[in-house]
Amino acid sequence: MVLKVFFPSCCSSADSGLLLGRWLSEQSSAVVLAVLHFPFIPVQVKQYLGELQRVSKVSVSVLGSWSNSKQEKEEGLSEFLEDLGTIFSHEPWIQISKEGDSKFWSCSALQKHSNNPKEEEIILVYYDQRKVMLSHLHPPLDTADGRAEDASRLSAIFDTVARSRVLFMTDRYDEGPIKLTHWQSDGVEASIIVELLKQASVPACMLLAFLLSLVSGICRSRVLKFWPLSFLWSKLSTCEQLGHRLQHLQVISSNRKAQTQAQLMRKANIFVSLLIDVSLGLLLMSWLYRKNRIGRLADTLIPVADHVAEELQDLLQWLMGAPAGLKMNRALDQVLGRFFLYHIHLWISYIHLMSPFIEMILWYVGLSACLGLTVALCILSDIIALLTFHIYCFYVYGARLYCLKIYGLSSLWRLFRGKKWNVLRQRVDSCSYDLDQLFIGTLLFTILLFLLPTTALYYLVFTLLRLLVVVVQGLTHLLVDLVDSLPLYSLSLRLCRSYRLAAGVKFRVLEQQDGKPLRLLMQINPLSYGAVIRTYRLPTYSCYPKDSWASLCKKLFLGELIYPWKHKGEKQD
């Protein structure tokens, strides 16, 4: 049987002493956590280990002895360390020592209390104690070929080091009976600024949580559930984004301690996302209010709206003639064209009526950028939706009229075949019609069929215009979702401290010689950037419909209304 000893590389130059760690019997592995130095009293060591087990919930014990030949001044030190196994009984008793100036180490494991004491084959594995303690081992995505079992074995080693954090709070400069060597034995890392920030964050989080509870209580009040306010809250993306950010603020201001690594990373990702979002919003606001850019934007907006309206009028005049040489139904063409031209006239009058107030509206809208870049982008999306509301109306009118004719033609086509749609059973059944019904159905079918090209042309043109607006709004919301969902803190950890996000480990052979233990170096394999994004991606408030191209083409052909996105809990028409 092969025995694996995980030895911290920071203890390779430590003075002689005892090995403290955890024995994993199911893996035949020993995880060395620290080296205990002389002098010590065995009773005090046992009391210390008992207190350590109670706090860390890790069964830490004396695993064996460590002998550094450079520190060895007495010939009987090795025998003395071996005799300590009678006081701290452990099976097997591990002995690790350096052999003078040689680069090879001597490592053995003795079964003293067995009937046939013998030495076992040992593999000595070095590991970076600090990186292993601070890292979080992620389970593999592919659990085939025994990878899940290997991951569980590695997680036991990582968990042992991480839960022994209390042991690393003791350094060799403490005036106590226990002298240890580990990665932090030269002095506990501390920062006065960090400690002051920790103390100041408690009342700040309590005040912020109180203010957020008031705001959330107002948002949940019955006043906002009445029809006009509830409709605006569900349709305006700005309100949805503000509610989404309010939930984020409640998460990071909560006084509950994160129980798992995933919860801690989620809080950190939300905090960094909010910080960067607000910083970008402040930069945008400072750019807008510099050199009177708000006034120039307001002066440009009205001519642009007039130009769009003029282009739409020219498009309608072209449709009312003979577009692309097509022969249209003149009566229906004139009715539809004048109907849409009247809407454009109303829209131009509305824009010119609002022109004196546009600069003031933009000035106050620019102030909302202090809430974050995503809020400003959502306001931009809502402004685009309001400025192109006439295009949306044209699209709805054309889609409804086209849909009515398509369904009418399909119903009349079933009449010619002697069938009808059974509403109760939701299927097509056979039916017998008399001569009058067939005659009237033939007339209606002929009328709808000859009016269909005119309606289809208007529907096609306004659908293309609507899709153009939808693409612009969709790109804006994609940018908002990118800022909301991107785990920036996790990506920065992957870039700067990749060992914090461990996907697995790899072993590199250091030395190998016959009759000597195999020495390996354990190195941490970090997660890939794609895996980091998939693992720690934050949820967003919008759900993009996952329609296939066939489904989208079917909706366009049948004249069904298409939206760029839908909010959670909202059914798509």
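Look up: the structure comes first, before these words.
Bear in mind the structure is a predicted one, so any value in this text is a computation, not a measurement.

If you tally the helices and strands in the protein chain, you get 16 helices and 15 strands. By residue count, 41% of the 573 residues in the protein chain fall in the buried class. Contacts spanning at least 24 positions in sequence make up 70% of the contacts within the protein chain whose residues lie at least 6 apart. Accessible surface, the protein chain: about 33000 Å² in total, of which carbon and sulfur atoms supply 63%.

On to the packing of aromatic side chains. Each pair of aromatic rings is reported with the distance of its centres and the angle of its planes. For the structure shown, the criterion picks out 15 aromatic pairs. Ring geometry for Phe394 versus Phe462: centroids 5.3 Å apart, planes at 45°, classification tilted. Note that Phe394 is positioned in helix H12 (residues 389-416) and Phe462 in helix H13 (residues 435-485), a separation of 68 residues in sequence. Pair check on accessibility: Phe394 and Phe462 agree, each one buried. With a centroid separation of 4.5 Å and 5° between ring planes, the pair formed by Tyr402 and Tyr459 is classed as stacked. Of this pair, Tyr402 sits in helix H12 while Tyr459 sits in helix H13, and the two are 57 residues apart along the sequence. For the pair Tyr402 and Tyr459, a shared accessibility class is recorded, and that class is buried. Taken together, the aromatic side chains of Phe339, Phe340, Phe394, Tyr397, Tyr458 and Phe462 make up a single cluster linked through ring pairs. When the ring centre of Tyr529 is taken as origin, the NZ or CZ atom of Arg494, which lies over that ring, is 4.6 Å away.

This part covers the pattern of salt bridges. Inspection of every chain in the model, using the stated rule, returns four salt bridges. Taking the shortest distance from any N to any O, the salt bridge between Glu51 and Arg54 comes out at 2.3 Å. In this pair, Glu51 and Arg54 are both assigned in helix H1 (residues 42-56), three residues apart and thus about one turn of the helix distant. A relative accessible area of 39% means that Glu51 is categorised as partly exposed.

Turning to the state of the cysteines, a few remarks are in order. Throughout the structure, instances matching the rule amount to zero disulfides. We note that Cys10 lacks a disulfide partner, and the nearest cysteine sulfur, in Cys11, lies 4.0 Å from it.

Moving on to unusual backbone geometry. The backbone of Lys291 sits at a positive phi, close to 60°, despite the residue not being glycine. Position of Lys291 relative to the elements: it lies in the loop between helix H8 (261-288) and helix H9 (293-319). We note that Asn292 has phi near 55°; this positive angle belongs to a residue other than glycine. Tracing the chain through its elements places Asn292 in the loop between H8 and H9.

For the pair H8 and helix H11 (residues 373-387), the least separation of the axes is 7 Å and the interaxial angle reads 60°. One way to sum up the angle between H8 and H11 is to call them oblique. Each of Asp277, Leu280, Gly281 and Leu284 in H8 lies in contact with H11, whose residues at this interface are Leu373, Thr374 and Ala376. Across the contact of H8 with H11, the residue classes break down as four nonpolar, two polar and one charged.

Rules and cut-offs
Residues numbered from 1 in each chain as written. Predicted model: local features only at pLDDT ≥ 70, side-chain atom pairs only at ≥ 80, totals over all residues. Heavy atoms only, no water. Helix = DSSP H or I, 4+ residues; strand = E, 2+ residues; numbered from the N terminus. Buried < 20%, exposed > 50% of the residue type's maximum accessible area, 1.4 Å probe, protein only. Contact = heavy atoms within 4.5 Å. Areas by Shrake-Rupley, 256 points an atom, 1.4 Å probe, with all protein chains shown as cover. Phe/Tyr/Trp six-rings, centres within 6.5 Å; stacked < 30°, edge-to-face > 60°. Lys NZ or Arg CZ within 6 Å of the ring centre and 35° of its normal. Salt bridge = Lys/Arg side-chain N within 4 Å of Asp/Glu carboxyl O. Disulfide = S-S within 2.5 Å. Axes fitted to C-alpha atoms, helices over the stretch in contact; angles between N-to-C directions. Parallel < 35°, antiparallel > 145°, perpendicular 65-115°, else oblique. Nonpolar A, V, L, I, M, F, W, Y, C, P; charged D, E, K, R; others polar.

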